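# Structural features, examined
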Amino acid sequence: SKAMTSALKKAIDQITNEIAILAGDIFKDDKVSNNPKVNKNTLREKAKDVNVSWRKANGNIVIEAYFDNYITFLEKGRAPRKGKFPPLDELRDWALSRNIPTDNSTLFLIARAIWRDGHEGRPILATLEERIDRKFETEWYDQLFEATIDELNRYFN
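All of the points below concern the structure found in this document. Remember, it's a predicted structure, so these values are computed and weren't measured experimentally. (Residues numbered from 1 in each chain as written. Predicted model: local features only at pLDDT ≥ 70, side-chain atom pairs only at ≥ 80, totals over all residues. Heavy atoms only, no water.)

### Quick look at the overall build of the protein
For the protein, the helix and strand inventory stands at six helices and four strands. Secondary structure of the protein in N-to-C order comes out as α-α-β-β-β-β-α-α-α-α. Taken over the C-alpha trace, the protein has a radius of gyration of 21 Å; the compact-globule value for 157 residues is 15 Å, which it surpasses by more than 25%. Dimensions along the principal axes, computed over C-alpha positions, put the protein at roughly 70 × 25 × 25 Å. Within the protein, the fraction of its 157 residues that count as buried is 30%. Excluding contacts between residues fewer than 6 apart, the proportion of contacts in the protein whose partners are at least 24 apart in sequence is 61%. When the accessible surface of the protein is totalled, it reaches about 10,500 Å², and 53% of it is carbon and sulfur. Each charge class in the protein was averaged separately, 26 positive and 25 negative side chains, and the resulting centres sit 6 Å apart. (Helix = DSSP H or I, 4+ residues; strand = E, 2+ residues; numbered from the N terminus. Rg over C-alpha atoms; globule rule 2.2 N^0.38 Å. Buried < 20%, exposed > 50% of the residue type's maximum accessible area, 1.4 Å probe, protein only. Contact = heavy atoms within 4.5 Å. Areas by Shrake-Rupley, 256 points an atom, 1.4 Å probe, with all protein chains shown as cover. Lys, Arg positive; Asp, Glu negative; His and termini not counted. Charge placed at Lys NZ, Arg CZ, Asp CG, Glu CD.)

### Examining the layout of surface pockets
Using a probe with the size of a water molecule, rolled over the atoms, empty space left in the structure can be pinpointed. Quantified by volume, the largest pocket comes out at close to 910 Å³. Around the largest pocket, the lining is made up of 32 residues, and of these Tyr70, Leu74, Leu91, Trp94 and Ile114 lie nearest the centre. Listed by contribution, the elements that provide at least two residues to the lining of the largest pocket are helix H3 (71-76), helix H4 (88-97) and helix H5 (104-117). At six residues, the largest contribution of residues to the lining of the largest pocket is made by H4. Counted by class, the lining of the largest pocket contains twelve nonpolar, eight polar and twelve charged residues. (1 Å grid on protein atoms, 1.4 Å probe; cavity = no way out; pocket = protein on both sides within 12 Å on 5 of 7 lines; lining within 4 Å. Points joined across faces, edges and corners; volume = space filled by probe spheres on them. Nonpolar A, V, L, I, M, F, W, Y, C, P; charged D, E, K, R; others polar.)

### Topic: unusual backbone geometry
For Arg81, which is not a glycine, the phi torsion comes out positive at approximately 55°. One can find Arg81 in the loop between H3 and H4. Backbone geometry places Asn99, a non-glycine residue, at a positive phi of 55°. The topology assignment puts Asn99 in the loop between H4 and H5. What makes Asn99 exposed here is its relative accessible area of 73%.

### What about the pattern of salt bridges?
Pairs may arise between side chains of opposite charge once their charged atoms sit close together. Applying the stated criterion across every chain, the model contains twelve salt bridges. Notably, a salt bridge pairs Asp49 with Lys48, separated by 3.7 Å at the nearest N-O pair. Residue classification places Asp49 among the partly exposed residues on the basis of a relative accessible area of 30%. For Lys48, a relative accessible area of 63% corresponds to the exposed category. Several salt bridges converge on common partners, so that one network encompasses Glu18, Lys135 and Glu139. (Salt bridge = Lys/Arg side-chain N within 4 Å of Asp/Glu carboxyl O.)

Below is the structure:
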């Protein structure tokens, strides 16, 4: 397989950076990330934790976005008094970042309150997927096409 041209590499780098910006914008978007319990966006500062990168695998370009593992809890939401208590290990980091004591009895009380009250889901990943699809349709496919044409022109000239 031939080396990737700088035009194509540049297009993929740009798309990767824009996905990171889109993800960050969703965390900052009060309509998506607002926590109805406290009526404020509790995810705003998480925008900096998103990590997006790309790699080649079997001749394909794979763009990967990494989020902290709490994202799946947020996405799904939780019905009141359903399922198990949230694991204390999962709550420990959250409590530390808010200067809340991390002894087991405090974490147990938090876990019990979450179990008792449940919480509404916040569609972060679904929103990101929708916005990425829209960008491919309106911009990114064209950028990749141009970069590919650029590569073909070089090859035949």
